Amino acid sequence: MGRVKKVLKWSLVVVALLFVGAQFYRPDRTNPPVDERKTMRANTQMTPEVAAVLQRSCKDCHSSETAWPWYSNVSPASWFLKNHVEDGRRQLSFSEWATYPKRKRERKLHEMCEQVESGEMPLKTYLPLHPSAKLSDEDRRLICDWTKQEEERQPETLPAQGGD
Ligand code: HEC
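Each value, and the rule that gives it
- Residues numbered from 1 in each chain as written.
- Predicted model: local features only at pLDDT ≥ 70, side-chain atom pairs only at ≥ 80, totals over all residues.
- Heavy atoms only, no water.
- Helix = DSSP H or I, 4+ residues; strand = E, 2+ residues; numbered from the N terminus.
- Buried < 20%, exposed > 50% of the residue type's maximum accessible area, 1.4 Å probe, protein only.
- Contact = heavy atoms within 4.5 Å.
- Areas by Shrake-Rupley, 256 points an atom, 1.4 Å probe, with all protein chains shown as cover.
- Near = heavy atom within 4 Å.
- Polar contact = N/O pair within 3.5 Å; in protein donor to acceptor, adjacent residues only side chain to side chain.
- Nonpolar A, V, L, I, M, F, W, Y, C, P; charged D, E, K, R; others polar.
- Donors = N, O, S within 2.8 Å, 3.2 Å for Na, K, Ca; no water.
- Tetrahedral: all angles 85-135°; square planar, octahedral: opposite > 155°, others 65-115°.
- Expected span 1.5 Å × (residues − 1).
- Disulfide = S-S within 2.5 Å.
- Core = buried A, V, L, I, M, F, W, Y, C linked by side-chain atoms within 4.5 Å.
- Arc of directions from axis to C-beta.

(A) Spatial organisation of the overall build of the protein chain. Scanning the protein chain from N- to C-terminus turns up 8 helices and 0 strands. The order of helices and strands in the protein chain, counted from the N terminus, is α-α-α-α-α-α-α-α. With the principal axes as the frame, the protein chain shows a C-alpha extent of 75 × 40 × 25 Å. The buried share among the 164 residues of the protein chain stands at 34%. Across the protein chain, contacts joining residues at least 24 apart in sequence account for 76% of those joining residues at least 6 apart. As presented, the protein chain carries roughly 10600 Å² of accessible surface, and 60% of it is formed by carbon and sulfur atoms.

Quick look at the structure:
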């Protein structure tokens, strides 16, 4: 018994030390600057209702306007969050919308509807701590109605893609 206790005690010490050590490896969470002219909201005909849903349920991982929660200060949670945000932004960033060519914009709009209809997005791991991001059937319908219309009216080049 004494031996087991000793092993347990030292295991706890090791875990505690690893946890403390992990805090020194905290990823950078500065958001990239947002050029309003390049955003999705500036380059689409987005209704306020759709904007509200995307803001509530997607923008933390799909834009440069991530609201980092307090636990993003704590490793190892910080590593998971940073990864999700980087992955999410790489796949689709509302803040970099005007850098996408027409085909890509159409594809991403199409994917947005598919991902919410299949329940893949917003990511399940996000929901317990962001209950307001959960989508209702009405929210999903809003997104899909809008993405379908928007897909039809994507111009070859956006104003923000023209000059500079
Ligand atoms: C917690 C972070 C997070 C949230 C919130 C989130 N996503 Fe994602 N999203 C990701 C990650 C990570 C990926 C890439 C990996 C994957 O596909 O699972 C992704 C992938 C996608 C893709 C796939 C892009 C492609 O071309 O394959 C689409 C579209 C998408 N998300 C739309 C949305 C929409 C719409 C919402 C809001 C209703 C949303 N996401 C909410 C993290 C998130």
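(B) Summary view of the site of the ligand. In the vicinity of the ligand, 18 residues are found, and the nearest of them are Cys 58, Cys 61, His 62, Lys 108 and Met 121. Measuring from a nitrogen atom of the ligand, one finds a side-chain N or O atom of His 62 at 2.7 Å. At the level of elements, α4 (59–62), α5 (77–91) and α6 (102–117) are the ones that each hand at least two residues to the shell around the ligand. It is α6 that contributes the most residues to the shell around the ligand, 5 residues altogether. When the residues that make up the shell around the ligand are grouped by side-chain class, the tally is 9 nonpolar, 6 polar and 3 charged.

(C) Representation of the coordination of the iron atom of the ligand in the model. All of the protein donors around the iron atom of the ligand are His 62 (NE2) and Met 121 (SD); their distances to the metal are 2.0 to 2.2 Å. One can describe the site at the iron atom of the ligand as octahedral: its 6 donor atoms subtend angles covering 85 to 177° at the metal. Of the two residues, His 62 sits in helix α4 while Met 121 sits in the loop between α6 and α7 (137–152), which places them 59 residues apart along the sequence. Residue classification places His 62 among the buried residues on the basis of a relative accessible area of 13%. The class for Met 121 is partly exposed, based on a relative accessible area of 27%.

(D) Structural detail: helix α1 (residues 2–22). Helix length check: α1, at 21 residues, gives a terminal C-alpha distance of 30 Å against a target of 30 Å (1.5 Å per residue), a fit within 8%. Counting buried positions along α1 gives 1 out of 21 residues, so the element sits mostly on the surface.

(E) Region of interest: the state of the cysteines. Counted by the stated rule, this structure contains 1 disulfide. Across the disulfide from Cys 113 sits Cys 144; the S-S distance is 2.2 Å. Torsion about the S-S bond of the Cys 113 and Cys 144 cystine: about 100°, corresponding to right-handed handedness. Here the residue Cys 113 occupies a position in helix α6, and Cys 144 occupies one in helix α7, the gap between them amounting to 31 residues. Taking the relative accessible area as the measure of exposure, Cys 113 reaches 7% and is therefore buried.

(F) Quick peek at the nonpolar core. By size, the foremost hydrophobic cluster in this structure holds 21 residues, and its most contacted members are Met 40, Leu 54, Phe 94, Trp 97, Met 112 and Trp 146. Mapped onto this core, the elements with two or more residues apiece are α3 (48–57), α6 and α7. By residue number, the principal contributor to this core is α6, which donates 4 residues. When sequence neighbours within four positions are dropped, the list of residues in contact with Trp 97 reads Lys 38, Thr 39, Met 40, Asn 43, Thr 44, Leu 92, Arg 105, Lys 108, Leu 109, Gln 154 and Leu 158.

(G) View of α6. With 16 residues, α6 ought to run about 22 Å at 1.5 Å a step, and its terminal C-alpha atoms sit 23 Å apart, in line with that. Restricting attention to buried positions, one finds in α6 the residues Arg 105, Lys 108, Leu 109, Met 112, Cys 113 and Val 116. Down the axis of α6, the buried side of the element spans an arc of 135°, and every buried residue falls inside it. Opposite the buried face of α6, by more than 90 degrees, sit the exposed residues Arg 103 and Glu 117. Just beyond α6, the residue with positive phi is Gly 119, at close to 80°.

Scope: geometric values only; no functional claims are made or implied.
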